[in-house]
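# Per-entry structural report
The residues making up each chain are set out below.
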Amino acid sequence: MNEKTLRILEFHKVIALLMQEADSEPGRKMCADLLPSVNMKEIQLSQQQTADALTRIFQENNPSFGATRDFGYALRSLEVGSTLTAPELLKLADFMDNAGRIRDYGKRENEDDPEDSLDPFFEGLAPLTRLSEEIHRCIIAEDEIADDASPTLRNIRRSMAQTGDKIHSQLLSMVNGSYRTYLQDAVITMRDNRYCIPVKAEYKGQVQGMVHDQSATGSTFFIEPAAVVSLNNRLKELELEEKQEIEVILAGLSASCGEHVTELRENQQIMVNLDFIFAKAKLALHQNAIMPRYNRKLYFNLYKARHPLLDPGKVVPIDISLGREFDLLVVTGPNTGGKTVSLKTVGLLSLMGQAGLHIPASDRSELCIFNDIFADIGDEQSIEQSLSTFSSHMVNIVEILKSADRFSLCLFDELGAGTDPTEGAALAVSILDSLHKKGIRTMATTHYSELKLYALSTEGVQNASCEFDVETLSPTYRLLIGIPGKSNAFAISGKLGLPEEIIGDAKERISSEQESFEDVIADLEQSRITAENERREIAEYKERIRELQEQLRKKNEKIDQAKDRILREANEKAREILQEAKDSADASIREINRISASVDMRALEEERSKLRGKIAEKNEKLSLAPKKKKEAAPAKKIDPAKLKKGDSVRIVSMGLNGTVATLPDAKGNLYVLCGILRTQTNVSDLIPVEEQDTATQAKSQGSGAGKIRMSKSYSVSTELNLLGQTVDEAICSLEKYLDDAYIAHIPMVRIVHGKGTGALRKAVHDYLRRQKNIENFRLGEFGEGDAGVTIVTFR
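From a predicted model like this one, the values you see are computed outputs, not experimental measurements.

Between helix 14 (residues 421-437) and helix 15 (residues 449-457), the shortest axis-to-axis distance is 9 Å and the interhelical angle comes to 30°. Overall, the two elements helix 14 and helix 15 adopt an arrangement that is roughly parallel. By crossing handedness, the relation of helix 14 to helix 15 is classed as right-handed. Here A425, A428, V429, L432, D433 and H436 of helix 14 lie close against helix 15, whose contacting residues are E450, L451 and Y454. Among the residues forming the contact of helix 14 with helix 15, the class breakdown is six nonpolar, one polar and two charged.

So, in structure tokens, the structure goes:
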């Protein structure tokens, strides 16, 4: 890729943004060296690594590579047996810790999770935890070695402390004793790393010892008393021993590191690579970029593409394609309308993609690989080379025409500008036609109408324009492919106040063919705006319909939930009332049995009357609507002689229907079977019940269930969506849904559980196998949802 194009398209500014995302200096250097590639496998691998790093950032947050440094010199020193300093060893230990954290970051929580392109990097990191812990144990800070680094060092420092205490004791006895009058201050000080006392100049001869220093005024001498000279000498010897022992400790730690030079070097390379990859992912995250798809057919389709160096909140996305239906795109429109930005967006996104960077565009955007990209954008005027604007552009164009082939992308801004318009337009058409015949993908911006006509009349060449709002005198920056643009010079001049007579005179000076062509363009633009407005209205209507459908769905769900709740509450209330009635009946039966023992018929009849009243009260509570009072019809009497077993009768006192179980005795007593209860009563308490009434009653009783089934059949959907639910939630929803569907007599239903890991699908199938009302079930076929759905058939 030629360096001039990289500079013109400002690829270096994208690299500067990338470098800001790297944590380490070697990572930033790797970012700075990034260049576009022309190898398909290399590009796809780099894109996949960026995508996998972005996925990990979303899932596990952002890792840090801050401890990674260039350890080349330190590792070479270890290879030849040199000893590293304490700061160098500490930096190595911090790097080992950082590598260990990154290795843990790369581990997958579940072994069943699919591998990605970054797994080899994380698995390649060698854990050196023990070595790191040993270095941190021995070295507390860059200028401090721990006392426990070795037993010898601990003994030396203990001796140093004891010797220092002895020196202090002797000097304190001197300072507070016989020497007090000789001293300038009653303090102990250090000179040349030896303990001294400040003696007045006039008493210098009274204190025996070594003079180490004198104050600036000469009034004070810092003397080491003879009594502590030997102790100071011993302390000096211990300090030398301490220094030697520290060198021994550092040498041992360096030797331990030297045993792992290969692992350290590999860890460093892996950490730098990961820092670089995650820098690309962080840049993609900040730019809201996506991984483009690549093809080998030399065409690209960009949807909602944005220039990466412009403010994301202000830049207008563009849709642009080239290479499939046409290989030459001529972009026209007014100045500052976005033509040049469109050129640079195409070129820069192509460079970014081939460098392994995600591009700021929408999903489904597709790129191809260009062996080279040529750009003639901006003013290349050179005073030193005596080149005018036109000449400098022409020098660049000549070089492009020599170097470009069918695997190149050529970008021209204001092709043919800077010279006579007629000649410039003719040159521009010829240059573009030459590139078009060679099959070279080309994109050019212009104001020349001749190029618009060339695009309209040539196969494989397409017009495009940057939209301009004449009313507000401002561009919208939208790129419209298929429509040539207008310069709008007359409209803009009129809006800015140029007199109408001048504008009219100017219009008369252009040819009728040119004016007609501009009118056609204006009509096309107006038709496009109208069609676009209509499409926008249709989209709004569709969105409104979708919202109404969603509201209706939620309303139906609420109704179903309310219905289920009401039925549950009604059943619960009925159960309570029936339980209360059963308890009353049991109590009354016990009382009847007690009274029967004394054969007090009057008391027995009173108890039966109470029971009848309670049962009537419960029936009234269970009734769905208050019964209207009807005039009592005369009761039909039963002839005991005509009564037969199995006849349907009604026990008036109890309000229950039943069948005759025994014939009446001489007193008219008999047994009637009411459901599972066998009740003794008298024939005088019975009235006949017609078979039709019984059938009607059964039909009436059955109508409630029928209504429920009909209601269910209207409200139960033939599909259940379990996506997003846990296994427990999904099985609960599935159980209720299958019950409702079975009651509603739906023969076949569709369960949507998705593919994913297969856990939800397995749980659904395990549950279905245990259901007796399921005839069979199977996975969906092509067009039904494949393995993401299960089709269930009821018996």
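A general trend in soluble globular proteins is that nonpolar side chains are found buried together. Membership of the largest hydrophobic core comes to 95 residues, with the highest contact counts inside it found for L18, I135, I139, I145, F278, F300 and I320. The biggest single contributor to this core is helix 11 (residues 261-287), with 12 residues. Beyond its immediate sequence surroundings of up to four residues, I145 is in contact with A86, C138, I139, L153, R157, I246, I249 and L250. F374, F412, L415 and Y448 belong to the second largest nonpolar core, which has 22 residues in total.

Moving on, we come to the sheet that holds strand 25 (residues 789-794). Sheet architecture is open: four strands sit in the order 22-23-25-24, paired in mixed fashion. In the strand order of this sheet, the two ends are held by strand 22 (719-721) and strand 24 (774-779), each with one partner. Averaged over all pairs of adjacent strands, the angle between their axes in this sheet comes to 20°, without regard to strand direction. Pairing of strand 23 (residues 748-752) with strand 25 involves five bridges; the strand directions are antiparallel. Note on strand 25: the bridge partner recorded for V749 is V792. Relative to strand 24, helix 22 (residues 759-769) is tilted by about 160°, and along the sheet it contacts strand 23, strand 24 and strand 25.

Across the six residues that make up strand 6 (residues 220-225), a large majority, six, are buried. Both faces of strand 6 are covered, namely the face carrying T220, F222 and E224 and the face carrying F221, I223 and P225. Pairing analysis gives four bridges linking strand 4 (residues 194-200) to strand 6, with the strands arranged antiparallel. Paired with K200 across the two strands is T220, which belongs to strand 6. Sheet analysis places strand 5 (residues 209-214) next to strand 6, joined by five bridges and oriented antiparallel. Residue pairing in the sheet places Q214 in a bridge with F221 of strand 6. The turn linking strand 5 back onto strand 6 is made up of five residues, and G218 within it adopts a positive phi angle of 80°.

What the rule picks out here adds up to six aromatic pairs. Pairing Y105 with F122 gives two aromatic rings, centres 6.1 Å apart and planes at 55°, and the pair type is tilted. Here F122 lies in helix 7 (residues 119-124) and Y105 lies in helix 6 (residues 86-106), a separation of 17 residues in the sequence. The two residues Y105 and F122 agree in class, both being buried. The interplanar angle of 35° and the centroid separation of 5.1 Å between the aromatic rings of Y182 and Y203 together place this pair among those described as tilted.

Our next topic: the side chain of H393. Within the secondary structure, H393 sits in helix 13 (residues 389-403). Given a relative accessible area of 13%, H393 falls into the buried group. Among the polar contacts made by the side chain of H393, one reaches the side chain of D376 at a distance of 3.0 Å.

Before going further, it helps to examine the sheet that holds strand 6. Strand order in the open sheet formed by four strands is 3-4-6-5, and the pairing between neighbours is antiparallel. The open sheet is flanked by strand 3 (189-191) and strand 5, the only strands paired with a single partner. Averaged over all adjacent pairs, the angle separating strand axes in this sheet is 50°, with direction ignored. Along the sheet, helix 9 (residues 151-175) contacts strand 4 and strand 6; its crossing angle with strand 4, the most-contacted strand, is approximately 10°. Of the strands in this sheet, strand 4, strand 5 and strand 6 touch helix 10 (residues 229-258), which is tilted by about 145° from strand 4.

Viewed as axis vectors pointing N to C, helix 6 and helix 8 (residues 129-138) meet at an angle of 140°, and their least axial separation amounts to 9 Å. Relative to helix 8, helix 6 is oriented oblique. Along this stretch, helix 6 crosses helix 8, giving a crossing that reads as left-handed. For the pair helix 6 and helix 8, the contacting residues are L89, L90, A93, D94, M96 and D97 in the first and L131, S132, I135 and H136 in the second.

Another aspect to go through is the environment of G100. With respect to the helices and strands, the residue G100 is situated in helix 6. What makes G100 partly exposed here is its relative accessible area of 24%. Considering only alpha carbons, one finds G100 and P127, 27 residues apart in sequence, at a separation of 5.8 Å.

The buried fraction of strand 13 (residues 408-412) amounts to five of the five residues, a majority that puts the element mostly inside the structure. Side chains of strand 13 alternate between two faces, with S408, C410 and F412 and L409 and L411 buried alike. Here strand 13 pairs with strand 14 (residues 441-446) via four bridges, running parallel. Looking across to strand 14, one finds that L411 is bridged to M443.

What follows concerns the environment of S392. In this structure, S392 sits in helix 13. C-alpha separation for the pair S392 and D376, spaced 16 residues apart in sequence, amounts to 9.8 Å.

In the Ramachandran plot, N193 falls in the positive-phi region, its phi being about 60° despite a non-glycine side chain. Looking at the element boundaries, N193 is found in the loop between strand 3 and strand 4. With a phi close to 55°, N288 is a non-glycine residue in the positive phi region. The topology assignment puts N288 in the loop between helix 11 and strand 7 (293-295).

Next up on the list: a negative patch on the surface. A cluster of acidic side chains, namely E109, E111, D112 and D113, defines a negative patch on the protein surface. Here E111 is to be found in the loop between helix 6 and helix 7. For E111, a relative accessible area of 80% translates into the label exposed.

The subject of this paragraph is the pattern of salt bridges. This structure, assessed with the given rule, holds 30 salt bridges. When the shortest N-O distance is used, the salt bridge between R234 and E237 registers 3.4 Å. You can see R234 and its partner E237 sitting in helix 10, three residues apart, about one turn around the helix. You can call E237 partly exposed: its relative accessible area is 42%.

On to helix 2 (residues 11-21). Where helix 2 is concerned, the buried positions are F11, V14, I15, L18 and E21. The buried residues of helix 2 occupy an angular sector of 105° when projected down its axis, which confines them to one face. Tucked into the core, helix 2 has its buried residues touching helix 1 (3-8), helix 3 (25-32), helix 11 and helix 12 (339-354).

Rules of the game
Residues numbered from 1 in each chain as written. Predicted model: local features only at pLDDT ≥ 70, side-chain atom pairs only at ≥ 80, totals over all residues. Heavy atoms only, no water. Axes fitted to C-alpha atoms, helices over the stretch in contact; angles between N-to-C directions. Helix = DSSP H or I, 4+ residues; strand = E, 2+ residues; numbered from the N terminus. Parallel < 35°, antiparallel > 145°, perpendicular 65-115°, else oblique. Left-handed = near helix turned anticlockwise from the far one by under 90°. Contact = heavy atoms within 4.5 Å. Nonpolar A, V, L, I, M, F, W, Y, C, P; charged D, E, K, R; others polar. Core = buried A, V, L, I, M, F, W, Y, C linked by side-chain atoms within 4.5 Å. Buried < 20%, exposed > 50% of the residue type's maximum accessible area, 1.4 Å probe, protein only. Pairing = 2+ DSSP bridges. Phe/Tyr/Trp six-rings, centres within 6.5 Å; stacked < 30°, edge-to-face > 60°. Polar contact = N/O pair within 3.5 Å; in protein donor to acceptor, adjacent residues only side chain to side chain. Patch = residues over 30% accessible without salt bridge, like charges linked within 9 Å, V, L, I, M, F, W, Y side chains within 5 Å. Areas by Shrake-Rupley, 256 points an atom, 1.4 Å probe, with all protein chains shown as cover. Salt bridge = Lys/Arg side-chain N within 4 Å of Asp/Glu carboxyl O. Lys, Arg positive; Asp, Glu negative; His and termini not counted. Charge placed at Lys NZ, Arg CZ, Asp CG, Glu CD. Arc of directions from axis to C-beta.

Honestly, that's just the spatial picture; any functional story needs more than this.
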